[in-house]
Every structure is written in C-alpha cells, then in structure tokens.
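# Architecture at a glance
For reference, the chains in residue letters:
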Amino acid sequence: MKNNYNKAPLYDHYTVDREAPLLEYLLQTLNGQSRTKIKATLQGRGIKVDGKQVTQFDFPLKPGMKVSVSKSKRNDTFKSRYVKIVYEDQYLIVVEKAVGILSMAAGHKSLNVKSVLDDYFQKTHQRCRAHVVHRLDRDTSGLMVYAKDMDTEQRLEHEWHDIVYDRRYVAVVSGEMEEDGGTVANWLKDNKAYVTYSSPVDNGGKYAVTHFHTLARTTEHSLVEFKLETGRKNQIRVHSADMGHPVCGDVKYGNGDDPLHRLCLHAFLLCFYHPVTHERMEFETPIPTAFRSLF
C-alpha cells in the first residue's frame, strides 16, 4: 500500500537498469529536463524510489528499483515555518522541528507538531493521525519521529530502546570544556515544582546515562555532542549543568549565558530500525548555523 494521496500529482515511472546516483540517473533518463528543474523536483519531494519520497541527490540506485517522478514540480502541499518533513512512508513520519513549538498539545490551542501533521494528513487525504512516540522540549530543535497508526505507535513505544540505536544532540554550553569526552551517570528525579535534579546515589528517580564529546571550544563557549544511553526528561540539560557547563539559553538549569537568544540544544541524529520493515533508518541534520557561528 502506497501513501494515499487521492488528489496528488500524476507520476511517470521508470525501472532502474544500472547502478547510479539518483541525480545522475534522472539527468540521463529525463531527456530534455534541466538539472535545475530536476533538483527542484527533488527538493519539492516529487521523486519516489520504491514508493518512498527521496530528496537526496546522491541516493544510490540499483537495478530493479522503481523511480517515480511527479509531473508537477512540487509534490508538496506542506508548508510550515515550524516543521520540516524529512521522511515519510505509510507507517511513520520523521520531521525536523524548529524552536518554539511543542511536540504535542498542552492546554488550549497551543502550537504543536502533532496538530500541524494532522492538518497535513487531512489535506493530503491520508486517513491517519500523528501519534506521539517521544518528545522534544518546546525550545529544543531537531529530529522527531511520529507514528501514523496505533500499531506502529505501540511498537515504537514498547520497543523504543531496542529500535532506536543512536540518538545524538549538539549543544552550545557555557564556558570552556576541560575534557574532550566522557560520561555522566546519576539518578534524576523531579521535585514538586517539576524541576529535575540529580543525585549520585539512588534517590528513587530514574538512572540516566549521557556520553559527551567536545567538538569545538573558545574561552567563552564549547560545542558539545551528547549521545543518550537513556532518554530521561531534561537529561542533557541537567547533566550539562552537573558538569558546570550548562546549555546556553537554558532558563531553567542555566547560568544566564544566552548568546543566541534560544536554548542551544538540537537533536541532530536519529537512527532506528523501522518498526514494521526492520530496515535501518538513519537521519541527520546539519549543526545549526547559529551554533557554528560562535566558533
């Protein structure tokens, strides 16, 4: 079953007869179409390989694969300044969320990714809803996955730790990191004011493990990659503060250092086994330009 786009644009279909990167294949196959037009179709998510939307120019094609090319330039009825669709199939959707939008509704009429996606599914005549599997804080940007049906949601939720094999964040933290890398591990628990605090001994909370790797540093700030072994609430923000280098722009656990006027935390890498097809799915977004600009 393919995505149910009832009124979607028509496609031309091709069967691949040789190994080639996608853009090269399209240039040779779609005679008379300019590189610019083909790139625009790719970026507009108008190319599918074996039924899946692909935007990667160098996607490796193999003989026997089916390539579908939309007859209109943009196969993209989706526009949002807060959410960017990275990948979609009939079971799940991977998005990159911007700063300032919640993962799901909280209270009345709050701007949230779930309702943006539900609106998109309705407009593209897909009979599904976005099911929340994990969350990012409102002020954290980056990659998230939502299930499109209850069965996929249940699989992702119950087998999350087996399915997700790599999840990394990048952060700008306050001060110059002394260490190039290491691990922070302790127990995290919320107090009555919903502030998460850590303890070196079991405090009845949840055990949390974060690995870190320093990517760049100045005397004022450091760019740090965090790899989660456990995914606890506010884990990176608390562990970063525990190291004496809180995440910049963190009003809850920070020290007032706010060079970019945002929480400097971005979920840049998400790798998991597809809950239905069991394929390896690997998604990576660039480190935000604003983060890099400080180094």
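Presented here is an overview of the structure given in this document. (Residues numbered from 1 in each chain as written. Predicted model: local features only at pLDDT ≥ 70, side-chain atom pairs only at ≥ 80, totals over all residues. Heavy atoms only, no water.)

### Digging into helix α3 (residues 113-123)
Definition in use: Three labels apply to residues, based on accessible area from a 1.4 Å probe with only protein chains included: buried if under 20% of the type maximum, exposed if over 50%, partly exposed otherwise in between. A run of H or I in DSSP becomes a helix once it reaches four residues, and a run of E becomes a strand once it reaches two; helices and strands are each numbered from the N terminus. Polar contact is defined as a pair of N or O atoms within 3.5 Å, subject to the rule that within protein one atom must be able to donate a hydrogen and the other to accept it, and that residues adjacent in sequence are counted only when both atoms are side-chain atoms.
Of the residues making up α3, those classed as buried are Val-113, Val-116, Leu-117, Asp-118, Tyr-120 and Phe-121. Of the residues that open α3, the one with a side-chain oxygen 3.2 Å from the backbone nitrogen of Lys-114 is Asn-112. Trailing α3 by a residue or two, His-125 shows a phi angle of about 60°, which is positive.

### Some thoughts on the pattern of salt bridges
The following threshold applies: Take a side-chain nitrogen of Lys or Arg and a carboxyl oxygen of Asp or Glu: if they are within 4 Å of each other, that pair is a salt bridge.
Throughout the structure, instances matching the rule amount to 15 salt bridges. When salt bridges that share partners are traced, they join Asp-166, Arg-168, Glu-225 and Lys-227 into one network.

### A few points about the nonpolar core
This is how the line gets drawn: Among buried residues, the Ala, Val, Leu, Ile, Met, Phe, Trp, Tyr and Cys ones that are joined through side-chain atoms within 4.5 Å form a nonpolar core. When checking whether two residues touch, look at their non-hydrogen atoms; a contact exists if any pair is within 4.5 Å.
Val-83, Ile-93, Val-95, Leu-117, Tyr-146, Tyr-169 and Phe-226 are the most contacted members of the largest nonpolar core, which totals 41 residues. Setting aside residues up to four positions removed in sequence, Tyr-146 forms contacts with Leu-92, Ile-93, Val-95, Ser-103, Val-113, Lys-114, Leu-117, Ala-130, His-131, Val-132 and Val-133. Ranked by size, the runner-up nonpolar core spans 16 residues in total, among them Val-16, Ala-20, Ile-38 and Val-69.

### With respect to helix α6 (residues 235-242)
Residues that lie three or four places apart on an α-helix share one face, since the helix turns once every 3.6 residues. Most of α6 sits out of view: 6 of its 8 residues are buried. Turning to α6, its buried residues number three or more, namely Gln-235, Ile-236, Arg-237, Val-238, His-239 and Ser-240.

### Comments concerning unusual backbone geometry
Peptide bonds are trans in most cases, and residues, glycine excluded, mostly fall at negative phi. Positive phi outside glycine occurs at Asp-50, with the angle close to 50°. With respect to the helices, strands and loops of the structure, Asp-50 is situated in the loop between β3 (47-49) and β4 (52-53). The backbone of Tyr-194 sits at a positive phi, close to 65°, despite the residue not being glycine. Structurally, Tyr-194 can be placed in the loop between β12 (181-190) and β13 (196-199). The exposed category is assigned to Tyr-194, whose relative accessible area is 60%.

### Some remarks on the sheet that holds β3
Spelled out, the test is: Pairing between two strands is assigned when DSSP locates at least 2 bridges connecting them.
Strand order in the open sheet made by the 4 strands is β1-β6-β3-β4, with antiparallel pairing throughout. Both edges of this open sheet fall to β1 (11-15) and β4, since each of them pairs with a single strand only. Note that β1 and strand β6 (residues 66-70) share 5 bridges and pair antiparallel. Following the sheet pairing, His-13 is matched in β6 by Ser-68.

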